[in-house]
Structures are given as structure tokens and as C-alpha cells.
Amino acid sequence: MRTYELMTIHRPEMAEPDARWQSRILEKFLTEVGASVADIDFWGKRRLAYEIDKANEGYYTVLTFAGEPHHVTALDRALSLSDTVMRHKIIRPEAGPPRASRKGAKRDG
């Protein structure tokens, strides 16, 4: 199993308890498909860097879980269809940023 981080931004019209509940729904979804949730970090309502769907703020949540690639595919599809999620991003933190190719790399000396 691989470790993934999911960041979601829920709509600002929701009440904070409803936004927290949506995070628990995501946790339940992941456990039902066979992934294991390690941590849920609810950041609360924050100002967006840019306007999304005429909204300037949203409820941020970061969820860390372990799962297989097919779990990520199912989660991505479910979040794309959700009316309460404005944006989401799933990453593998241990994968790190892509490496620069050797062809264009500059050498010291």
C-alpha cells in the first residue's frame, strides 16, 4: 500500500460542522473500499488564493491515507461528482518532485 494525501476545499456556504462531517464521510468511503485512514487535519475556513466558482473562501481539509491506485481512482471520481467539494488534489508525498533530466543538468566545476 502507498501513502497518499488528499486536500479538499469544501463550499463556504456550509456550516463548519457540516464541513467536518464531509471529512468523516470521506474517511468512511476510504475504509469501505479497503484503504486505511491515518489522519484527518481540518484546517477550517480559509481565504482562497484565487476565486473558484465565485467564492473567495472555503473549508480546507487534509486527509492522509494508505491505499492502492484503484482506491485513488475511485476517490477521485467520487470527489469530482460531489456538489460540496470545490477542488481536490491527491498526491503521494514520498514520491517527491520530478527530477530534472541529466541532459539539461548543469555540472559544477
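Up top is the structure these notes are about.
The structure displayed is predicted, hence computed values, not measured ones.

Caption draft 1: Focus on the pattern of salt bridges. Within the structure shown, the criterion is met by five salt bridges. Across the salt bridge formed by Arg11 and Asp53, the nearest N and O atoms sit 3.4 Å from each other. Of this pair, Arg11 sits in the loop between β1 (2-10) and α1 (16-33) while Asp53 sits in the loop between β2 (36-52) and β3 (55-67), and the two are 42 residues apart along the sequence. In this structure Arg11 comes out as partly exposed when scored by relative accessible area, which is 24%. Residue classification places Asp53 among the exposed residues on the basis of a relative accessible area of 52%.

Caption draft 2: Representation of the environment of Gln22 in the model. Here Gln22 is to be found in helix α1. Counting along the chain gives 63 residues from Gln22 to Val85, while the straight-line C-alpha distance between them is 9.1 Å. Not counting the four nearest positions on each side in its chain, Gln22 is found in contact with His10, Met14 and Thr84. A polar atom in the side chain of Gln22 sits 3.4 Å from the side chain of Thr84.

Caption draft 3: The sheet that holds β3, seen in detail. Taken together, the four strands give an open sheet; going across it, the order is β2-β3-β1-β4, and neighbouring strands pair in antiparallel fashion. Strands at the two margins of the open sheet, each flanked by one partner only, are β2 and β4 (85-91). Averaged over all adjacent pairs, the angle separating strand axes in this sheet is 20°, with direction ignored. Where β1 and β4 come together, six bridges link them in antiparallel fashion.

Caption draft 4: Representation of the environment of Phe65 in the model. Mapping Phe65 onto the fold places it in strand β3. Considered as a pair, Phe65 and Glu5 are 60 residues apart in the sequence and their alpha carbons are 6.4 Å apart. Discounting residues that sit within four places of it in the chain, Phe65 has contacts with Arg2, Thr3, Tyr4, Leu6, Leu30, Ala35, Ser36, Val37, Ala38, Val72 and Leu75.

The rules behind the values
Residues numbered from 1 in each chain as written. Predicted model: local features only at pLDDT ≥ 70, side-chain atom pairs only at ≥ 80, totals over all residues. Heavy atoms only, no water. Salt bridge = Lys/Arg side-chain N within 4 Å of Asp/Glu carboxyl O. Helix = DSSP H or I, 4+ residues; strand = E, 2+ residues; numbered from the N terminus. Buried < 20%, exposed > 50% of the residue type's maximum accessible area, 1.4 Å probe, protein only. Contact = heavy atoms within 4.5 Å. Polar contact = N/O pair within 3.5 Å; in protein donor to acceptor, adjacent residues only side chain to side chain. Pairing = 2+ DSSP bridges. Axes fitted to C-alpha atoms, helices over the stretch in contact; angles between N-to-C directions.

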